[in-house]
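Listed below, chain by chain, are the residues.
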Amino acid sequence: QVQLVESGGGLVQPGGSLRLSCAASGFTVDRYIMNWFRQTPGKQRELVAQILSGGTTHYTDSVKGRFTISRDNAKNTVYLQMNSLKPEDTAVYYCNKSPTTSWGQGTQVTVSS
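Definitions and limits used
Sequence order sets the numbering: in each chain, residues are counted from 1 along the sequence as written. Thresholds applied to this predicted model are a pLDDT of at least 70 for local features of residues and 80 or more for the giving and counting of side-chain atom pairs; totals over whole chains, interfaces and linings are not thresholded and use all residues. Only heavy atoms go into the side-chain values, all of them from the structure, while hydrogens and water stay out. Two strands qualify as a pair provided DSSP detects at least 2 bridges between them. In this text, helices come from DSSP runs of H or I with a minimum length of four residues, and strands from runs of E with a minimum of two, each type numbered from the N-terminal end. To get an axis, fit a line to the C-alpha atoms, keeping to the stretch in contact for a helix; angles then go from 0 to 180 degrees between the N-to-C directions. Any pair of residues with heavy atoms lying within 4.5 Å of one another is described as a contacting pair. Buried means the residue's accessible area, taken with a 1.4 Å probe over protein chains only, is under 20% of the maximum for its type, while exposed means over 50%, and partly exposed covers the values in between. Each polar contact in these results corresponds to two N or O atoms within 3.5 Å; when the atoms are within protein, one needs to be able to donate a hydrogen and the other to accept it, and residues that are neighboring in sequence are counted only if both atoms are side-chain atoms. Put simply, a disulfide is two cysteine sulfurs that come within 2.5 Å. Here, nonpolar core means buried Ala, Val, Leu, Ile, Met, Phe, Trp, Tyr and Cys residues that are tied together by side-chain atoms lying within 4.5 Å of each other. Paired rings are identified among Phe, Tyr and Trp, the last through its six-membered ring, by centres lying within 6.5 Å, and are further divided according to the angle between planes into stacked (under 30 degrees), edge-to-face (over 60) and tilted (the rest).

So, on to the sheet that holds strand β3 (residues 18-25). Taken together, four strands build an open sheet; the order of strands is β1-β3-β8-β7 and the sheet is antiparallel. Two strands bound the open sheet, and with one partner strand each, they are β1 (3-7) and β7 (67-72). Adjacent strand axes in the sheet meet at a mean angle of 15 degrees when their direction is disregarded.

What follows concerns the environment of Ser 84. Turning to its location among the elements, Ser 84 is positioned in the loop between β8 (77-82) and β9 (91-98). The spatial distance from the C-alpha of Ser 84 to the C-alpha of Gln 13 is 9.4 Å, given a sequence separation of 71 residues. Among all residues touching Ser 84, those that are not within four sequence positions of it are Gly 15, Gly 16, Ser 17, Arg 66 and Asp 89.

Along the chain, Asp 61 turns up in the loop between β6 (57-59) and β7. Residue classification places Asp 61 among the exposed positions, given a relative accessible area of 61%. Distance in space between the C-alpha atoms of Asp 61 and Pro 87 is 16 Å, their sequence separation being 26 residues. In this structure the side chain of Asp 61 is engaged in a polar contact, spanning 3.0 Å, whose partner is the side chain of Lys 64.

Here we come to the state of the cysteines. Inspection of the entire model under this criterion finds one disulfide. A sulfur-sulfur distance of 1.9 Å marks the disulfide that ties Cys 22 to Cys 95. Torsion about the S-S bond of the Cys 22 and Cys 95 cystine: about 60 degrees, corresponding to right-handed handedness. In this pair, Cys 22 sits in strand β3 while Cys 95 sits in strand β9, placing the two residues 73 residues apart along the sequence. Judged by its relative accessible area of 0%, Cys 22 is buried.

Another aspect to go through is the nonpolar core. In terms of nonpolar packing, the biggest core is built from 25 residues, with Trp 36, Phe 67, Leu 80, Met 82 and Tyr 93 touching the most fellow members. The set of elements that each furnish at least two residues to this core consists of β3, β4 (33-39), β5 (46-51), β7, β8, β9 and β10 (107-111). In terms of residue count, β3 provides more of this core than any other element does, four residues in total.

Tallied over the full model, the rule gives three aromatic pairs. Measuring from centroid to centroid gives 5.4 Å for Phe 27 and Tyr 32, while their planes differ by 85 degrees, and the two rings are edge-to-face. Phe 27 gets classed as buried once you look at its relative accessible area, which sits at 9%. Overall, the relative accessible area of 29% leaves Tyr 32 in the partly exposed class. For the ring pair Tyr 94 and Trp 103, a centre distance of 6.1 Å and an interplane angle of 90 degrees mean the geometry is edge-to-face. A relative accessible area of 15% places Tyr 94 in the buried class. Under the relative-accessibility criterion, Trp 103 is labelled partly exposed at 33%. Among the aromatic residues, those joined into a cluster by ring pairs are Phe 37, Tyr 94 and Trp 103.

Here you go:
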């Protein structure tokens, strides 16, 4: 059974940093494309970052240079390191794999003074 558990969100001031974690079970993360999405009320879900099985990464333009997606294969966990956070980064962040099997509960990130 595929399961994804996101954690690491919270309240942070602009310019601060957070590291989100996505603990996976039921599959091995290095065998799949892994994605981080975010969603704000009233807006469509946005693909933020992606890591391919070979290690290639992709980012949406608004987070390039600030966010880094990575894997720890021994822990079967995917991470999203978020630096220089901005208020517009506020959202619920979700991880998933391609092809999509299911979604986790997400973790709330709030960037505010």
